[in-house]
Amino acid sequence: MEPSRGFPRGNVLLLVVVLLWCWRGSTGLYFPQNEYLETVYVGQPAGSPVLQVHSMPDSSAERPHFYLCFGAARAPLYSHWFHLDVSTDKSSGAVKKLPLSAMALPRPTSRTHCRNQPARLSVIFVNATMPSCGQTAMQQLCFPPRVPPTPHIMENRFAGPVQQLRRLTKLNVCPNYTVSYSVESDVPVPFAVNESTMELVATAPLDRDKVEVYRLVLVCTVLTEKTVNRFDTSLEISVFDEDDNGPLINGTDSVEVTVEYDRAEGGSLVTLSVYDKDTTPKFPKEPSQNRYVGTMLTNDPWIKDTFAIRDTFKEDKSLFSNIRGTVFEYTLVLKRNLYVSENRTLQVDYLVNDTTYPGPESSVVLHYNITILPVPIRFNNITYLFPVTRRASAYALVGRVCVENCLKFQGIDVVYQLEMADKNASAEAQSCHAAVDIAPSLRDMTGVLYVNDSEALRRAECRDLQYLLLAQEEGGQTQVTTQVLVTLDGEVARAGQQDQKPLSCAESRQRVDCELTRGLGATSGRCQWRQGTEKGISENYSTCSPDLRTCPDGFCDAVESKDMSICPQDCTKEPVIGGHVKGLMFGIKAGYGTCYCFLKRCFCEKDDVEEAICDDMCKTVIATAVLLSFIVSILLSSYFVHRYNKNSPKPPIASA
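What counts and how
Residues numbered from 1 in each chain as written. Predicted model: local features only at pLDDT ≥ 70, side-chain atom pairs only at ≥ 80, totals over all residues. Heavy atoms only, no water. Disulfide = S-S within 2.5 Å. Helix = DSSP H or I, 4+ residues; strand = E, 2+ residues; numbered from the N terminus. Buried < 20%, exposed > 50% of the residue type's maximum accessible area, 1.4 Å probe, protein only. Pairing = 2+ DSSP bridges. Axes fitted to C-alpha atoms, helices over the stretch in contact; angles between N-to-C directions. Lys, Arg positive; Asp, Glu negative; His and termini not counted. Salt bridge = Lys/Arg side-chain N within 4 Å of Asp/Glu carboxyl O. Core = buried A, V, L, I, M, F, W, Y, C linked by side-chain atoms within 4.5 Å. Contact = heavy atoms within 4.5 Å. Phe/Tyr/Trp six-rings, centres within 6.5 Å; stacked < 30°, edge-to-face > 60°. Lys NZ or Arg CZ within 6 Å of the ring centre and 35° of its normal.

### Quick notes on the state of the cysteines
Under the counting rule described, the total for this entry stands at 10 disulfides. Note that Cys-133 is cross-linked by a disulfide to Cys-174, the S-S spacing being 2.0 Å. Here Cys-133 and Cys-174 share a disulfide; its torsion about the S-S bond, 110°, makes the bridge right-handed. Here Cys-133, found in the loop between strand S7 (119–129) and helix H1 (138–142), pairs with Cys-174, found in the loop between strand S9 (160–164) and strand S10 (178–184); they are 41 residues apart in sequence, far enough to count as distant. Taking relative accessible area as the criterion, Cys-174 reaches 6% and is therefore assigned buried. Residue pairing for Cys-432: its cysteine sulfur links by disulfide to Cys-462, the two sulfurs lying 2.0 Å apart. An S-S torsion of about -80° defines the bridge between Cys-432 and Cys-462 as left-handed. A residue pair is termed long-range when its members are at least 10 positions apart, and Cys-432 in helix H3 (residues 427–433) and Cys-462 in the loop between helix H4 (454–457) and strand S27 (465–473) qualify at 30 residues. Cys-462 shares its class with Cys-432; the two are buried.

### As for the sheet that holds strand S19 (residues 325–334)
The antiparallel open sheet is built from 3 strands, whose spatial order is S16-S19-S18. A single partner strand is all that each edge strand has here, and the edge strands are strand S16 (268–276) and strand S18 (307–316). Neighbour-to-neighbour, the strand axes of this sheet turn through a mean angle of 20°, independent of strand direction. Of the pairings in the sheet, the one linking S16 to S19 comprises 8 bridges and is antiparallel in character. Across the sheet, the residue bridging to Ser-268 is Val-333, located in S19.

### Focus on the side chain of Arg-530
Checked against the element boundaries, Arg-530 lands in strand S29 (residues 528–530). Among buried Asp, Glu, Lys and Arg side chains, Arg-530 stands out as unpaired, with Glu-539 the closest opposite charge at 8.0 Å.

### With respect to the nonpolar core
The biggest cluster of nonpolar side chains holds 37 residues, and the ones touching the most others in it are Val-403, Phe-409, Val-414, Tyr-416, Leu-449, Leu-469 and Val-484. Going through the elements one at a time, strand S22 (383–389), strand S23 (397–401), strand S24 (414–420), strand S25 (436–440), strand S26 (447–451), H4, S27 and strand S28 (479–489) are the ones with two or more residues in this core. When sequence neighbours within four positions are dropped, the list of residues in contact with Val-403 reads Ile-377, Arg-378, Phe-379, Phe-409, Val-414, Tyr-416 and Ala-471. Residues Leu-272, Val-274, Phe-328 and Leu-338 belong to the second largest nonpolar core, which totals 26 residues.

### Things to note about the side chain of Ser-454
Mapping Ser-454 onto the fold places it in helix H4. Discounting residues that sit within four places of it in the chain, Ser-454 has contacts with Ala-392, Ser-393, Ala-394 and Arg-518.

### Things to note about the sheet that holds strand S33 (residues 580–582)
Sheet strands pair by backbone hydrogen bonding; their relative direction is either parallel or antiparallel. Read across the sheet, 3 strands follow the order S30-S34-S33 without closing on themselves; strand pairing throughout is antiparallel. With partners counted over all chains shown, the strands left at the sheet margins are strand S30 (537–538) and S33, one partner each. Sheet analysis places S33 next to strand S34 (residues 588–592), joined by 3 bridges and oriented antiparallel. Paired with His-580 across the two strands is Gly-591, which belongs to S34.

### Topic: unusual backbone geometry
Geometrically, the link from Cys-551 to Pro-552 is a cis peptide bond, its omega value of -5° lying close to zero. When you line up the elements, Pro-552 lands in the loop between strand S31 (543–545) and helix H6 (568–571). In this structure, Met-198 takes a positive phi of about 60° despite not being glycine. Turning to its location among the elements, Met-198 is positioned in the loop between strand S11 (191–194) and strand S12 (199–202).

### Some points on the packing of aromatic side chains
Two numbers describe a pair of aromatic rings. These are the distance of the centres and the angle of the planes. For the structure shown, the criterion picks out 12 aromatic pairs. Both rings, one in Tyr-261 and one in Phe-409, keep their centres 6.2 Å apart while their planes meet at 25°; by these two values the pair is stacked. Taken together, the residues Tyr-261 in the loop between strand S15 (254–259) and S16 and Phe-409 in the loop between S23 and S24 connect sequence positions 148 residues apart. Both residues of the pair, Tyr-261 and Phe-409, belong to the buried class. Ring geometry for Tyr-384 and Phe-386: centres 6.0 Å apart, planes at 5°, overall stacked. Grouping aromatic residues by their ring pairs yields a cluster made of Tyr-292, Phe-313 and Phe-328. The ring of Tyr-541 carries Arg-530 above its face, with NZ or CZ at 4.9 Å from the centroid.

Spelled out as structure tokens, the structure:
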């Protein structure tokens, strides 16, 4: 016997028996169990088995070769304690944890660098002698203290051994005991125990499309001279997938779609699905199985420039009898905005091919039947009528205009223009019509009319204003018109009267100051106060606004963006001081107490002066109630005194 190399009482033998199966189209050798664990002790005799490893080959006639292998670094110092005999699959060896790796190759090699995915062998060295039979729990004869990783088997492999159940290091600890194994399950399973080798064996090829995980109970029976002892543990065996299914159509391979108002670039029009019972890995981007490739079957340059197919995939169990499969979704999308005048009917065919499926039916063709309808640009109203008070400040909202169905438009850009109805108007009339202008909405395809020149509103010579409203698709040729009449209400400015320069409503911190302020963007000329009613940070915070319909509403619109002083609550880009929640892009979404702003900088803080508990109306009601109570009390007192005097006995009259 060779001298001891590290163990005081002899060397340890590592037995590696590699059993291999095959299936046509398999991708190479692999280990169904990634990691193997076992414990060795001082004094174990040379030649004693330690653990057993199983693997699977490409061919049933192949005779693979097995090696201990190492990574890029130099082999560890303890590697010479183990030797693998290629012909007998045995390694002999002479410290606490000894990590090793094993590989299986189809031909001999002199290189010891690990290839593909080797099995990890962890041998735990205990610096003590093997416990005797009386010191060893019976369950330790059956199962290791640490549960090994879940085994996995590729589907469609030949039947054969999967795992060694017996602990080889415990074979001679209790020689008078008989240890046997069996498999139990609630349903029939293609697994059994080879009673001669104590290996767990797959009795038939597995199909992941039917069962993805087998849940077994391993039963270990220890028979002694006096007792029969049963121990069990659960074991899950995962079935790994191979690309053995082609694409399927569940339902229809064609779909009708009409394009009308939604004509935006990148818009999703309709989706068709392709199903595959196989799983599809997300990584790497070029998977080894279920590699689907799509091709648009057309030579028409207009179709190629206008449409594209966006493909995604997801796992789904509900469609495949609770077994994981893949749903590939192919969505027809627009590559550009469609003009409103485009009108045609066409079909787009799309070829979907599973390039890694070896079978004949590896592709399907999807059909998208598309109808593009023209969208008319026209006004429903012959004339728009908007009343405006002469006290309105600059940038005050006048109203909104919209071509027919404009709120449904996606990808259709409409340009609005406001012109004088009378092309030959005098210079004075032209200056009056400068009072109102139009801006495109930033939210939809409406046009926003606003006060452009507040001084023109208050001039006596400026009365009702008539405009011609033009609308056309941006980049298009068709132009439509309608009339807009703006009526001016209120008193005109007196001769020599100077208008107060409007301030920013947001500067006011209290209701009294707010409602007396002539504010920029105020429709009535005066600011409006919003009183918050909630405690803490709230979207309904207290603030002073030019128009509570639009400010604050969490959106910096086309008019508010023209001057930051109009509604900094919606438009400020500066950091807000105090308790608040920032808006999606700009402004204040929610604030604490009262929010006010100076020079683009906004603050949110608790009110300095509490709001009056009772306003003037409230005081009048209370005073009236007190007066009525006083009058009622006097009347009641008079009534009861009168009743008392009437009913009380009168004294007798003395006789003469």
